[in-house]
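Each chain is listed here by its residues.
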Amino acid sequence: MDNEREVTDLIERSKSLFLQETAEEFRRKSEEYDVGREFAKTKRNRTLLVPGVIVATLIVFSAAAVFLNIQIERSAQEVELDPEQFADISLRDVLDSWLRVERRIGELEQTREELTAERDARLRLARRAGDRQIALLHATDMNDDERAEQIAAIENQTEETV
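Residues numbered from 1 in each chain as written. Predicted model: local features only at pLDDT ≥ 70, side-chain atom pairs only at ≥ 80, totals over all residues. Heavy atoms only, no water.

### Observations regarding the packing of helix α4 (residues 91–139) against helix α5 (residues 144–161)
Packed helices, taken two at a time, are described by the angle between their axes plus the distance between the axes. So the rule is basically this: Convention adopted: a line fitted to C-alpha atoms gives each axis, helices being fitted over their contacting stretch, and angles between N-to-C directions are expressed from 0 to 180 degrees. Helical segments are the DSSP runs of H or I of at least four residues, strand segments are the runs of E of at least two, and each set is numbered from the N terminus. Each angle gets one of four labels, with under 35 degrees taken as roughly parallel, over 145 as roughly antiparallel, 65 to 115 as roughly perpendicular, and the rest as oblique. The criterion used for residue contact is that any of the two residues' heavy atoms lie within 4.5 Å.
Between α4 and α5, the least distance of the axes is 9 Å, while the angle of their chain directions is 170°. On the basis of the axis angle, α4 is roughly antiparallel to α5. On α5, the residues touching A126, R127, G130, Q133, I134, L137 and H138 of α4 are R147, Q150, I151, I154, E155, Q157, T158 and T161.

Laid out in structure tokens, this is it:
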């Protein structure tokens, strides 16, 4: 039993000694740590590589755009037109053909409007005829099942017509 007490005391002393050294070391390191100094270190760690690459890329693309623009303008200025190529084209013929095309477009638009109106009228007529047949069925004497079958048949026929 006496031996156990000595061992326990020895463990307690070693714990306090170890923890005391660790606590002193922690206090010393925390006193040495300065946030402002650490931020200053991170500022010094910045590199100019990323902004340099971005600026270089912008310069290269801008130079390429300017070069292509100059080349396109130069090639556009070099095109030569020979007036003799247009000698056989009469302005009156061009204007006459343009007027004919305009008239034809007007006629086609009018025909389209007439056909659309005719289609709409036929659709309304087919739907009214189906509605009248259904109204007549409601006026007749028959059971509900037969009436429902005939109404469905009339609706199908109306949809096919439409």
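Continuing now.
### So, a negative patch on the surface
To be explicit about the condition: Put simply, a patch holds well-exposed residues, over 30% relative accessible area, that have no salt bridge, with like charges counted together within 9 Å and Val, Leu, Ile, Met, Phe, Trp or Tyr side chains within 5 Å. Here, Shrake-Rupley sampling with a 1.4 Å probe gives the accessible areas, and only protein chains in the shown set may cover a residue. Put simply, a salt bridge is a Lys or Arg side-chain nitrogen that is within 4 Å of an Asp or Glu carboxyl oxygen. We score Asp and Glu as negative and Lys and Arg as positive, and we do not count His or the chain ends. Charged groups are reduced to one reference atom each: NZ for lysine, CZ for arginine, CG for aspartic acid, CD for glutamic acid. Only protein chains enter the accessibility calculation, which uses a 1.4 Å probe; a residue is then buried when its area is under 20% of its type maximum, exposed when over 50%, and partly exposed in between.
On the surface, E102, E109, E113 and E114 cluster together into a negatively charged patch. E102 gets classed as partly exposed once you look at its relative accessible area, which sits at 40%.

### A closer look at the pattern of salt bridges
By the definition in use, this model includes three salt bridges. The residue R122 makes a salt bridge to E118 at a minimum N-O spacing of 2.9 Å. Residue R122 and its partner E118 are both found in helix α4; the two are separated by four residues, about one turn of the helix. E118 sits in the partly exposed class, given a relative accessible area of 39%. Between R119 and D120 there is a salt bridge; the shortest N-O distance is 3.1 Å.

### Some points on the side chain of T158
Quick note on the threshold: Two N or O atoms count as a polar contact when they lie within 3.5 Å, although within protein this holds only if one can serve as hydrogen donor and the other as acceptor, and sequence-adjacent residues are included solely when both atoms are side-chain atoms.
In this fold, T158 is placed in helix α5. A polar contact is formed between the side chain of T158 and the backbone oxygen of I154, at a distance of 2.8 Å. Each residue touching T158, except ones within four places of it in the same chain, is listed here: A126, R127 and G130.

### Description of the environment of P51
As for its position among the elements, P51 is in helix α3 (residues 49–77). Each C-alpha atom of the pair P51 and R27 lies 41 Å from the other, and the pair is 24 residues apart in sequence.

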